[in-house]
Structures are given as C-alpha cells and as structure tokens.
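# Fold and contact review
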Amino acid sequence: MNQLPAVVAVLAAAAALLGSVGGIGGAALLVPVLVALGAEPTAAAPVGLVVVAAGSLAASARQLDDGTVHHRLGLTLELAAAGGVVAGAIVSVDLPEQVVAWVLAGAAVVGAVSALARRGIRNQPVGILDAEPAGEWPGTLGGQYRLDGAVVPYQATHLERGLPAALVAGVVAGISGVGGGFLKTPAMSELMRVPVKVAAATTTFTLGITASAGLLVYAVQGRVDALDSAGALVGAVVGGWMGARIQSMLPAVVIRRATGVLLLVVATVVVVRT
Amino acid sequence: MNGDVAPDAERGPVDPKAGRFDRVVTVLRVATLLVLVLAAVALVVGGEVGRSAAWVALAVLCAVPLLRVAWLAVRWFRRGDPRYGLVACGVLAVVAVGLTLA
C-alpha cells in the first residue's frame, strides 16, 4: 500500500460513514476508491476485509442483544461463504490484476444498484427492539421477530438458492476485499424469504467470519500491512459510529443515491485505469 | 434463541429473554473497545511498537468471530442440537483447511 495509515483511516471513516448510511457497507466503497487512487487491488483487498470485520464486530453486541441474528441460518450459509472467501483469497494472488479489478468493479456496480434500488433503511435504529421477544427456533432455520409490536414468525426456505449466493459472495470477498453483504442480505431476504431485519443482522454476523477467514489467508500470504490495517480499523469503527448517528438526521434516500452514483463513478475509474 | 428445547420441539413463542446472551454481549463490547484502542495506539505511536499493537488488534479482530462460532458449536452440542453443532464445526474446519492450503 502506498497510502499512509492516517490517510487510510480518513478514507475508511468516510467510506464507513457513507456505507453505513447507504446500507452497502464501508468496504464496498473503500476498496474501489483505494484502487482508483492507485493502490494495487491485491493490496487494497486486505484493508477492505479489515473494514468488513471491524463493522461486523462493532455491530455484533447490539445485534446479539436484539435477538435478530439467526445463528443457525448464518452458519449454514457461512459453510459456503467461508469456502468461497478462502478459495478466492488463495487464487487472487495468481489472478491478473486486471481480473481482480474487474471483479472489484463488478462488485461496486452491484453495490451501486443495491444502494440505488433500496427503498427502506435496512438497519433500523436499535431502540425499537428493546425488550422485544425475538429468537431462532432450535434445530430449524425458522424463528420469530417483532414488528410493530407483533410477533412475526418466519421460516427460511430455498436453502439450495441461498448457498450458491453465499458462495459467490465469499469468492467476491476473497478476490476483491469487499464484504459482499449487498449480495448476502438480498439473497437471504428475497431468495430465502427471511425478514429483511433478520437477514441484515445475520449477514453482519456472517461477514465477520468471512472477513476473518479471508484476512487469515491474506496474513499467511504476507499481504497484510499492519499499520494500514490499524488505520482502516479505526476509521471503520469511527465512521460507522458517526453514520449510525447521522442516519436519522439526513435524508437517507439522498445519501443512498449519492453513494450509488459515487460507486458507479469509482467502478468506471477502476475499469479505465486497468 | 431457546437452547433448552429439543430440535423437534413445537414451534411457537419463545421466552422474551431467550435471545439474549448477556455475557457474550459484554465480551463482544469489550473486544470492540480493545481492538479500537489497540488500533488507535498503533496509529499514534507508529514504529515497531505501533506495528505490534496493530497485529494484536488484528489478531483479536480475527479471533472473536471464530471463537463465537466455537462457542455456538459447544452450546448446540450441549443443548441437543448436534446438526447445527456440526455445521459450526464445519465452518471452523473450512477456515482451518483454507489456512493449511494458503
């Protein structure tokens, strides 16, 4: 990485802020920006996964306390996603930079479409779930959550559709360093009929595992710069924290659209540069 | 999540507190703070000390999710849900195999 850790921290904070408000995650924005600024895709990828892991860890306590995470569903899908991220990370060092850049640009475009197409805020403020019954049913991929004061039971279906989507998200994460949450959450909610709130929380839980697996492989490959990673880590936590607070103050639709357009621009720059 | 119920238990409302894991939540909050402080120290101090602090932060960052999976595996095996206990073990095995291959 050519970037100084402090610069990475600032970029990561901005990306996490926009990403959290835009609902696409910070890495989906940070990694393409780093590449557009001149970083090699293989060097930017570990920084991206640090941002993903930091975001997952920062949200983990809150979401576990809410009871919205479906651990059984998350780990079932993570069987595929972990395999994908490990495979992606291993092969990414042998892939031409252009291929990695194209995967990254493709991920940025998908993230842009996800941000532009979304109609509601996926991660709602935490307070509304306080003292509500929510949980998963042991031995099943079903559970229940609270919506507007009512208990809503749900049952995940079509696991055969969710597993390939998780595998693809994992491979993309391993190759490019973006988390792939913008693939996992829609796959869970649209293909597997899981409520969006549960899908988003479960995705955040699984992204931590995906990112950890990818980062460990990167570390073994000697691709992790500790100080740049520290900068990204601080920026991701601070930016995510700020994003959660300004989410209620700014028009989310405008920010999502701006983030989507920015991602399209960045994807174009990444493609043009390679 | 109500881990005391057998896998084939009748589906229905669960204990409102069943999804809460107070101790794990506390551990996750402490881990988040620890990682943030270590990374901040690494940024401010720099040099070899900063690099060491950054590596420790990264180690904690990577270890916490995997330890959470291990905890879930143990919990599910103990509470009569071996199928998903095996799933959790499978995730850890995939990561281990990946590290070996890398």
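Residues numbered from 1 in each chain as written. Chains lettered and ligands numbered in written order. Predicted model: local features only at pLDDT ≥ 70, side-chain atom pairs only at ≥ 80, totals over all residues. Heavy atoms only, no water.

### A short note on the overall build of chain A
- If you tally the helices and strands in chain A, you get ten helices and three strands.
- In chain A, the succession of α and β elements from N to C terminus is α-α-α-α-α-β-β-β-α-α-α-α-α.
- Within chain A, the proportion of its 274 residues that are buried is 62%.
- Partitioning the intrachain contacts of chain A with sequence separation of at least 6 by distance along the chain shows that 79% fall at a separation of at least 24. (Helix = DSSP H or I, 4+ residues; strand = E, 2+ residues; numbered from the N terminus. Buried < 20%, exposed > 50% of the residue type's maximum accessible area, 1.4 Å probe, protein only. Contact = heavy atoms within 4.5 Å.)

### Things to note about the packing of aromatic side chains
All names here are of chain B.
- Per the counting criterion, the structure on display carries one aromatic pair over all chains.
- Pairing Trp76 with Tyr84 gives two aromatic rings, centres 6.4 Å apart and planes at 75°, and the pair type is edge-to-face.
- Exposure remark for Trp76: the relative accessible area of 2% places this residue in the buried category.
- What makes Tyr84 buried here is its relative accessible area of 6%. (Phe/Tyr/Trp six-rings, centres within 6.5 Å; stacked < 30°, edge-to-face > 60°.)

### Remarks on the interface of chain B and chain A
- Taken together, the contact pairs 54 residues of chain B with 58 residues of chain A.
- Counting each side, the surface lost to burial between chain B and chain A is near 4,800 Å², with a carbon and sulfur contribution of 75%.
- Counting across the interface, chain B meets chain A through one salt bridge.
- Among the ionic pairs, Asp81 of chain B bridges to Arg72 of chain A, the shortest N-O distance being 2.6 Å.
- For the pair chain B and chain A, the number of links is six residue pairs in polar contact (both at pLDDT 80 or more).
- Sorting the residues of the side of chain B that touches chain A by element identifies helix H1 (22–45), helix H2 (47–78) and helix H3 (82–101) of chain B as the ones contributing at least two each.
- By residue number, the principal contributor to the side of chain B that touches chain A is H2 of chain B, which donates 15 residues.
- When its residues are assigned to classes, the side of chain B that touches chain A shows 38 nonpolar, eight polar and eight charged. (Buried area = accessible area lost by both parts, 1.4 Å probe. Salt bridge = Lys/Arg side-chain N within 4 Å of Asp/Glu carboxyl O. Polar contact = N/O pair within 3.5 Å; in protein donor to acceptor, adjacent residues only side chain to side chain. Nonpolar A, V, L, I, M, F, W, Y, C, P; charged D, E, K, R; others polar.)

### Comments concerning the nonpolar core
- If you look at the biggest cluster of nonpolar residues, it comprises 103 residues, and the most contacted ones within it are Leu73, Leu75, Val194, Leu215 and Leu233 of chain A together with Leu61 of chain B.
- Those residues in contact with Leu215 of chain A that sit more than four places away from it in its chain are Pro46, Leu49, Val50, Ala53 and Val224 of chain A together with Leu61 and Cys62 of chain B. (Core = buried A, V, L, I, M, F, W, Y, C linked by side-chain atoms within 4.5 Å.)

### A closer look at the packing of helix H3 (residues 41–66) of chain A against H1 of chain B
- Closest axis-to-axis distance for the H3 of chain A/H1 of chain B pair is 8 Å, and the angle between their directions is 165°. The angle between H3 of chain A and H1 of chain B falls in the class roughly antiparallel. As H3 of chain A runs across H1 of chain B, the sense of the crossing is left-handed. Each of Leu57, Ala58, Ser60, Ala61, Leu64 and Asp65 of chain A in H3 of chain A lies in contact with H1 of chain B, whose residues at this interface are Asp22, Val24, Val25, Leu28, Arg29, Ala31, Thr32 and Val35 of chain B.
- Residue composition of the contact of H3 of chain A with H1 of chain B, grouped by class: nine nonpolar, two polar and three charged. (Axes fitted to C-alpha atoms, helices over the stretch in contact; angles between N-to-C directions. Parallel < 35°, antiparallel > 145°, perpendicular 65-115°, else oblique. Left-handed = near helix turned anticlockwise from the far one by under 90°.)

### Remarks on the packing of H3 of chain A against helix H8 (residues 196–220) of chain A
Residues and elements named next belong to chain A.
- Across the interface, H3 lies against H8 with an axial gap of 8 Å and an inter-helix angle of 145°. Between H3 and H8 lies a crossing of left-handed hand. Contact residues: H3 offers Ala45, Pro46, Leu49, Val50, Val52, Ala53, Gly55, Ser56, Ala59 and Gln63, while H8 offers Ala201, Thr204, Phe205, Leu207, Gly208, Ala211, Gly214, Leu215 and Tyr218.
- Here the contact of H3 with H8 is built from residues that sort into 13 nonpolar, six polar and no charged.

Everything listed here is a matter of coordinates, which is why it stays silent on function.
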